[in-house]
Amino acid sequence: MTTPISFEFYPPKTDEQRAQLDKTATRLKAQSPDYVSCTFGAGGSTLSYTPETVDHLHQRHALNAAPHISCVGGTRAELGELLQRYKAMGCNRLVALRGDLPSGMGHTGDFRYATELVEFIRREHDGCFHIEVGCYPETHPQADDAHADLRHFKAKVDAGADGAITQYFYNADAYFRFVDDARALGIGIPIVPGIMPISNFTQLRRFSEACGAEIPRWLAKRMQAYGDDVEGIREFAADVVAQLCRRLVDGGAPGLHFYTLNLSKPTLNVLARL
Ligand code: FAD
C-alpha cells in the first residue's frame, strides 16, 4: 500500500507504560509512517507529559513526532511557551485542537475554540509548523447541527490549517459525504480519516459514547456474539477495519491516521491485510 500512514500515541505516565510505548514505536516504525503524533492531556498545558514524549520519540526512535496541542484551559502565555519549546525541539508539525475540560471545570483559558488557536499559531509562528486540525464526519457531539459543525471546520481552515484528521468512524459513507460537503464549501485541504483498530470492545463503546462516534448495530451485534472468543474477535475486527481502510483509500482518502492507543498488534493486524 502506497497511501501515507501516521500513528497516534498517548503520553505514558508510568515506567510500564513507557516500556509499552517503546515496544509499540519500534514495531510501528517498521511500517515507515509519514509521522507519528502524541495526544495532549486535557486540563491545561502544564499538566501534560506530551513534550517529554515527543522529545523521546524524536531522540530514541528518530520518528517525526507531532504534538497535539489543545487550547482549552490554557493561557496565551502558556501556549506560546509550549510552541517555543516545540520549535526548539525541531517539531515541524502540530495537531491543533480545542480539547475537552474535565467535567466541572469551567472555561478558564484564553481561547474558546480551535480556530482561535490556529490563528494564534499562524500569527506568532507563521511558517514554523504544518497545522493539522480535527474534524467530524459524524458531527461533533456539541455542535448545534451538522451544517454549523462544517462551517466551524471551514473557519479553522480559513484561519490557516494545512490538513485535517477525522474523528474515527466505521461508516465509510459518512466520510465520503463529509468530504463532498467540505469541498462544496470550498475546503481544499487533505482530510485524512482517523482509523480506530478494535482491541477492546467494551472500551471502544465507552470512547464512542463520549466522542460521538457511531458503532453500527451490525458491528456491535457481531462483536457481542463472539463472547469470550478473544482470537475470533481480533480476527473479525481486523477484517472489518481493513475493509473500511480499503474502501476509504479506493475512494480517494489521502492517507490513514491510526489511533493506536499505544498498542501495535491491532494496527499491525489491519495493515497486514492491506
Ligand atoms: P473545535 O473545532 O473548537 O470545535 C468544538 C465544538 O465547538 C464543535 O462542536 C464546533 O462545531 C463548535 N464550534 C467551533 N467554533 C464555534 C463558534 N465560533 N461558535 C460556536 N460553536 C463553535 N482531545 C484532547 O484533549 N487531546 C488530544 O490530543 C486530542 N486529539 C484529537 C485528535 C483528533 C484527530 C481529533 C479528531 C480529536 C482529538 N481530541 C483530543 C478531541 C477534541 O479535543 C474534542 O473532540 C474537542 O471536543 C473538540 O476539539 P476541536 O479542536 O475539534 O474543537
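Residues numbered from 1 in each chain as written. Predicted model: local features only at pLDDT ≥ 70, side-chain atom pairs only at ≥ 80, totals over all residues. Heavy atoms only, no water.

A few words now on the overall build of the chain. Tallying secondary structure elements over the chain gives ten helices and eight strands in all. Oriented by its inertia axes, the alpha-carbon framework of the chain measures out at about 50 × 45 × 40 Å. Put simply, the chain has 274 residues, and 51% of those count as buried. Summarising the internal contacts of the chain: among those between residues at least 6 apart in sequence, 78% fall at separations of at least 24. Of the roughly 13000 Å² of accessible surface on the chain, a fraction of 47% belongs to carbon and sulfur atoms. Of note, the chain has its 29 positive side-chain charges centred 3 Å away from the centre of its 33 negative side-chain charges. (Helix = DSSP H or I, 4+ residues; strand = E, 2+ residues; numbered from the N terminus. Buried < 20%, exposed > 50% of the residue type's maximum accessible area, 1.4 Å probe, protein only. Contact = heavy atoms within 4.5 Å. Areas by Shrake-Rupley, 256 points an atom, 1.4 Å probe, with all protein chains shown as cover. Lys, Arg positive; Asp, Glu negative; His and termini not counted. Charge placed at Lys NZ, Arg CZ, Asp CG, Glu CD.)

This part is about the site of the ligand. Within the structure, the ligand sits among 20 residues, and Asp-100, Tyr-136, His-140, Asp-149 and Lys-156 are positioned closest to it. Between an oxygen atom of the ligand and a side-chain N or O atom of His-140, the distance comes to 2.7 Å. Coverage of the ligand by the protein chains reaches 84% of its 970 Å² of free accessible surface. Within the residue set of the shell around the ligand, elements represented by two or more residues are helix H5 (146-158) and strand E6 (163-168). No other element matches the three residues that H5 contributes to the shell around the ligand. Partitioning the shell around the ligand into residue classes produces eight nonpolar, eight polar and four charged. (Near = heavy atom within 4 Å. Polar contact = N/O pair within 3.5 Å; in protein donor to acceptor, adjacent residues only side chain to side chain. Nonpolar A, V, L, I, M, F, W, Y, C, P; charged D, E, K, R; others polar.)

The next subject is unusual backbone geometry. Its identity is not glycine, yet Thr-139 carries a phi of approximately 75°, on the positive side. In this fold, Thr-139 is placed in the loop between strand E5 (130-135) and H5. Look at Leu-261: it is not a glycine, yet its phi comes out positive at around 55°. In this structure, Leu-261 sits in the loop between strand E8 (256-259) and helix H10 (265-272).

With that settled, consider the packing of aromatic side chains. This structure, assessed with the given rule, holds eight aromatic pairs. A centroid spacing of 6.0 Å and a plane angle of 40° characterise the contact between Phe-7 and Phe-258, whose relative ring orientation is tilted. With Phe-7 in strand E1 (residues 5-9) and Phe-258 in strand E8, this residue pair connects regions lying 251 residues apart in the sequence. For the pair shown, Phe-7 and Phe-258 are each scored as buried. Every member of this aromatic cluster is reached through a ring pair, and the members are Tyr-168, Tyr-170 and Tyr-259. (Phe/Tyr/Trp six-rings, centres within 6.5 Å; stacked < 30°, edge-to-face > 60°.)

Owing to its 3.6 residues per turn, the α-helix brings residues three or four apart onto one side. Taken as a whole, helix H2 (residues 50-59) has its buried residues at Thr-50, Pro-51, Thr-53, Val-54, Leu-57 and His-58. The buried residues of H2 occupy an angular sector of 165° when projected down its axis, which confines them to one face. On its buried face, H2 sits against E1, helix H1 (15-29), strand E2 (35-38), strand E3 (65-70) and helix H3 (76-89). (Arc of directions from axis to C-beta.)

Here we come to the pattern of salt bridges. Enumeration over the complete set of coordinates arrives at 13 salt bridges. Between Asp-158 and Lys-154 there is a salt bridge whose closest N-O contact spans 3.0 Å. With Asp-158 and Lys-154 both in helix H5 and four residues apart, the pair spans about one turn of that helix. Look at Asp-158 and you get exposed, because its relative accessible area is 55%. With a shortest N-O distance of 2.6 Å, Arg-273 and Asp-239 are connected by a salt bridge. Taken together, the residues Arg-273 in the segment after H10 and Asp-239 in helix H9 (residues 230-250) connect sequence positions 34 residues apart. Via salt bridges that share partners, Arg-122, Asp-126 and Asp-162 belong to a single interconnected network. (Salt bridge = Lys/Arg side-chain N within 4 Å of Asp/Glu carboxyl O.)

Looking now at the nonpolar core. Residues Phe-153, Tyr-170, Leu-248 and Phe-258 are the most contacted members of the largest nonpolar core, which totals 79 residues. Top contributing element to this core by residue count: H9, with nine residues. Apart from residues lying up to four places away in sequence, Phe-258 is in contact with Ile-5, Ser-6, Phe-7, Glu-8, Ile-195, Pro-197, Cys-245, Thr-267, Val-270 and Leu-271. (Core = buried A, V, L, I, M, F, W, Y, C linked by side-chain atoms within 4.5 Å.)

Right, let's talk about the layout of surface pockets for a bit. By volume, the second largest pocket is sized at about 250 Å³. Lining the second largest pocket, in full, are Ile-198, Ser-199, Asn-200, Phe-201, Val-230, Ile-233, Arg-234, Leu-263, Lys-265, Pro-266 and Asn-269. Tallied by class, the residues present in the lining of the second largest pocket amount to six nonpolar, three polar and two charged. (1 Å grid on protein atoms, 1.4 Å probe; cavity = no way out; pocket = protein on both sides within 12 Å on 5 of 7 lines; lining within 4 Å. Points joined across faces, edges and corners; volume = space filled by probe spheres on them.)

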